[in-house]
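So you can see what is in the structure, the chains are spelled out below.
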Amino acid sequence: MRDAGQSLGPSFDTLQATGRSREITIGREFYSQSYVRSDEGKYTWKSPPTLGEWAYGRNFAGVVWGKDLVNAINPGFLKLIASYGATSADGGTFEGVKTTLHSGTVTVLDLGERQAGISFGTEDGGPGSFGGQITWKLWAGPDNLPRRFHAIMKFTRPEGGEAETMMMNIIYRGWGAPVKSTALPKHLIADGW
């Protein structure tokens, strides 16, 4: 099961907006709540359209966890950032845990988006693909387990122009705790995607 929050920074041309996304994946079952809200407080996009409900899908290729996701528990991303080097410093205390802050910047030839998260590629993704820069910070506890991950991704258009920016924040909790998965109540599942 994965539960992550993402916040979108200045993006989508000149739109100033903040988005939140919550996804739960249990096997092949996928539940999602997402919205984008303008700085004025108006919702510019909601999925599902009614707040509090969940969109549901099964067997989506886009929810499959892969080694190409920007995430602090993804071995593929950790291998990528290790190849660029990182700086480390005292990260202070996060949720009562003393942390070390690791940070750095990587440039990739392909950045994309799917239900499982933001994907990266070290080879050109072809026509219409976006490359870009990922500036990241990872707070790890004394047990070397991630506690918080923050990334700013700048999607650069191949034809030039202004880069689009997305900011991601993920908090990791409950390491070693048992996980209990319960199906969401049917009345919270939206009709249709």
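Our subject in this report is the structure included herewith.

Calculation rules
Residues numbered from 1 in each chain as written. Predicted model: local features only at pLDDT ≥ 70, side-chain atom pairs only at ≥ 80, totals over all residues. Heavy atoms only, no water. Helix = DSSP H or I, 4+ residues; strand = E, 2+ residues; numbered from the N terminus. Core = buried A, V, L, I, M, F, W, Y, C linked by side-chain atoms within 4.5 Å. Buried < 20%, exposed > 50% of the residue type's maximum accessible area, 1.4 Å probe, protein only. Contact = heavy atoms within 4.5 Å. Arc of directions from axis to C-beta. Polar contact = N/O pair within 3.5 Å; in protein donor to acceptor, adjacent residues only side chain to side chain. Salt bridge = Lys/Arg side-chain N within 4 Å of Asp/Glu carboxyl O. Phe/Tyr/Trp six-rings, centres within 6.5 Å; stacked < 30°, edge-to-face > 60°.

With respect to the secondary-structure elements, G57 resides in strand β5 (residues 55-58). Along the backbone, G57 and S32 are 25 residues apart, and their C-alpha atoms lie at a distance of 8.6 Å.

The next point concerns the nonpolar core. Among the nonpolar cores identified, the biggest contains 21 residues, and V70, I134, F149 and M153 are the most heavily contacted of them. Going through the elements one at a time, α1 (75-84), β7 (97-114), β8 (117-121), β9 (130-140), β10 (146-156) and β11 (164-171) are the ones with two or more residues in this core. If one sorts the elements of this core by residue count, β10 sits on top with four residues. Ignoring anything within four residues of it in the chain, the contact list for V70 reads F77, I118, F120, I134, F149, A151, M153 and M168.

Moving on, we come to α1. Taken together, the buried positions of α1 are occupied by G76, F77, L80 and I81. Around the axis of α1, the buried residues are gathered within 125° of arc, so they sit on the same side. Exposed positions of α1 whose direction lies more than 90 degrees from the buried face are P75, K79, A82 and S83. Looking at the buried positions of α1, the neighbouring elements they touch are β7, β8, β9 and β10. One side-chain oxygen at the N-terminal end of α1 lies 3.0 Å from the backbone nitrogen of G76; it belongs to N74. Taken from the residues just after α1, G85 is the one with a positive phi, measuring 85°.

Summed over all chains, the structure comprises four salt bridges. Residue R58 is joined to E29 by a salt bridge in which the shortest nitrogen-to-oxygen separation is 1.9 Å. Separated by 29 residues along the polypeptide, R58 in strand β5 and E29 in strand β3 (residues 29-38) bring together distant segments of the chain. Here E29 falls in the buried class, since its relative accessible area comes to 18%. We note a salt bridge from R173 to E95, for which the minimum N-O separation is 2.5 Å. One end of the pair, R173, is in the segment after β11; the other, E95, is in the loop between β6 (87-94) and β7, and 78 residues separate them in sequence. Overall, the relative accessible area of 57% leaves R173 in the exposed class.

Following the criterion strictly, the structure yields six aromatic pairs and no others. Note on F77 and F120: the rings are 5.8 Å apart at their centroids and 65° apart in plane angle, and the pair reads as edge-to-face. Highlighted residues: F77 in helix α1 and F120 in strand β8, separated in sequence by 43 residues. The burial state of F77 is the same as that of F120; both residues are buried. Here F130 and F155 contribute two aromatic rings whose centre-to-centre distance is 6.4 Å and whose plane-to-plane angle is 75°, an arrangement assigned as edge-to-face.

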